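Summary of structural features
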Amino acid sequence: GATAGPGELGLLIARATSPKQPGDEQAAWRALREAAIRMPDGEGCAEQLTAAMAGSPVAAQVALVEILGAMGNTRSLAALGAAAKTGAPEVQDAASRLLGEWMTVDAGPVLLDLAGESGNKYNIRALRGYIRLARQFNMPDADRVNMCRAAWDAAARPDERKLVLEVMERYPSGGMLTLAESAASDAALKDEANRVAAAIRKKLGR
């Protein structure tokens, strides 16, 4: 794992997904994870790991998903998005969890897409991950407003809409004020939305 180059990656994948000896499995997965994270061509490595999922047992697919999540590049993000939709239940569980923990706002569109998929048991997890991005990461005010608007529209429950209102109050701007005022049309959250709008006005000196 510490010394393998791109040419040995296929060997490590084979040893991890189909170990020759039962005792080799854990060491092979550790080596594959270490090698994958340090590969100079992260996108190409993620491509190989994604391809390996197709013929692997479910447990191996979950392990591959965990490695893809640790790599954090564009190809691995796309692979997690696909796995969260179409994988076996255990794979969907792992992929959606890792998407919700993603450490860049690039995961926003993938999470929002998963949140809007009807019938997916992890759509609430995905939506909460999307709201977390809006709450925790630096971005232009307009982008945060757009994310809050998208999250509000995607939320089917008051619980998630309350989380969106918290983001609005935390990052006051003219756009957030407009959004909070429009949120008052939700009868179940009218009072809370009006309170948030008033708090934003106060912070903005209006």
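Here, every reference points to the structure presented above.
A brief structural summary. (Residues numbered from 1 in each chain as written. Predicted model: local features only at pLDDT ≥ 70, side-chain atom pairs only at ≥ 80, totals over all residues. Heavy atoms only, no water.)

Topic: the overall build of the chain
Our working definition: The secondary structure listing takes helices from DSSP runs of H or I that are at least 4 residues long and strands from runs of E that are at least 2 residues long, numbered from the N terminus. Any two residues whose heavy atoms approach within 4.5 Å are treated as being in contact. Residue-level accessible areas treat just the shown protein chains as cover; the underlying method is Shrake-Rupley with a 1.4 Å probe.
Each helix and strand counted, the chain has 12 helices and zero strands in total. Along the chain, helices (α) and strands (β) appear in the sequence α-α-α-α-α-α-α-α-α-α-α-α when read from the amino end. Summarising its shape, the C-alpha atoms of the chain cover approximately 70 × 35 × 20 Å along the three principal directions. Taking as baseline every contact in the chain between residues at least 6 positions apart, the subset at least 24 positions apart corresponds to 61%. Roughly 10,200 Å² of accessible area belongs to the chain as shown, and the carbon and sulfur atoms make up 52% of that amount.

Considering the environment of Glu90
Mapping Glu90 onto the fold places it in helix H6 (residues 89-100). In sequence terms Glu90 and Val62 are 28 residues apart; their C-alpha atoms lie 6.9 Å from each other.

Observations concerning the packing of H6 against helix H8 (residues 123-136)
For clarity, the cut-off: Axis geometry follows a simple rule: fit a line to the C-alpha atoms, using only the stretch in contact for helices, then measure angles between N-to-C directions, giving values from 0 to 180 degrees. Orientation categories follow fixed angle ranges, with anything under 35 degrees roughly parallel, anything over 145 roughly antiparallel, 65 to 115 roughly perpendicular, and all other angles oblique. Crossings are sorted by hand: turned counterclockwise from the far helix by less than a right angle, the near helix makes the crossing left-handed, and turned clockwise it makes it right-handed. As a working rule, the residues Ala, Val, Leu, Ile, Met, Phe, Trp, Tyr, Cys and Pro are called nonpolar, Asp, Glu, Lys and Arg charged, and the rest polar, with Gly in that last group.
Where H6 contacts H8, the two axes come as close as 8 Å, and the packing angle between them is 15 degrees. Classed by the angle they form, the pair H6 and H8 counts as roughly parallel. Regarding H6 and H8, the two cross each other, and that crossing is left-handed. For the pair H6 and H8, the contacting residues are Asp93, Ser96, Arg97 and Gly100 in the first and Arg125, Gly129 and Arg132 in the second. When grouped by side-chain class, the residues that make up the contact of H6 with H8 number no nonpolar, three polar and four charged.

As for helix H3 (residues 42-53)
Our working definition: By this rule, a helix spans an expected 1.5 Å times one less than how many residues it contains. Relative accessibility under 20% of the residue-type maximum defines a buried residue, over 50% an exposed one, and the middle range a partly exposed one, all with a 1.4 Å probe and only protein chains included. Along the arc lie the directions from the helix axis toward the C-beta atoms.
Over its 12 residues, H3 extends 17 Å from the first C-alpha to the last, a length consistent with the 16 Å expected when each residue adds 1.5 Å. Restricting attention to buried positions, one finds in H3 the residues Gly42, Cys45, Ala46, Leu49, Ala52 and Met53. Angularly, the buried residues of H3 cover 120 degrees about the axis, an arc narrow enough to put them on a single face. Buried positions along H3 lie against helix H1 (9-17), helix H2 (25-38), helix H4 (58-71), helix H5 (74-86) and H6.

Overview of the side chain of Asp186
Within the fold, Asp186 resides in the loop between helix H11 (174-183) and helix H12 (190-204). Looking at Asp186, the relative accessible area reads 17%, which means it is buried. Asp186 has contacts with Trp152 and Arg161, leaving out every residue within four places of it along the chain.

Structural notes on the nonpolar core
The condition is simple: Remark: nonpolar core denotes a set of buried residues (Ala, Val, Leu, Ile, Met, Phe, Trp, Tyr, Cys) joined through side-chain atoms within 4.5 Å.
In terms of nonpolar packing, the biggest core is built from 68 residues, with Leu32, Leu49, Val65 and Met168 touching the most fellow members. In this structure, Leu49 is in contact with Ile13, Leu32, Ala36, Leu64, Ile67, Leu68 and Met71, ignoring residues within four places of it in sequence.

Examining H1
Taken as a whole, H1 has its buried residues at Leu9, Leu12, Ile13, Ala16 and Thr17. One side of H1 carries all its buried residues, which in axial view fall inside an arc of 120 degrees. Those residues of H1 that are buried are in contact with H2, H3 and H4.

Overview of the environment of Leu32
Following the sequence through the fold, Leu32 ends up in helix H2. Leu32 sits in the buried class, given a relative accessible area of 0%. Once the C-alpha coordinates of Leu32 and Gly81 are considered, the two residues, 49 residues apart in sequence, prove to be 22 Å apart. Not counting chain neighbours up to four residues away, the residues in contact with Leu32 comprise Leu9, Leu12, Ile13, Ala16, Leu49, Leu64 and Ile67.

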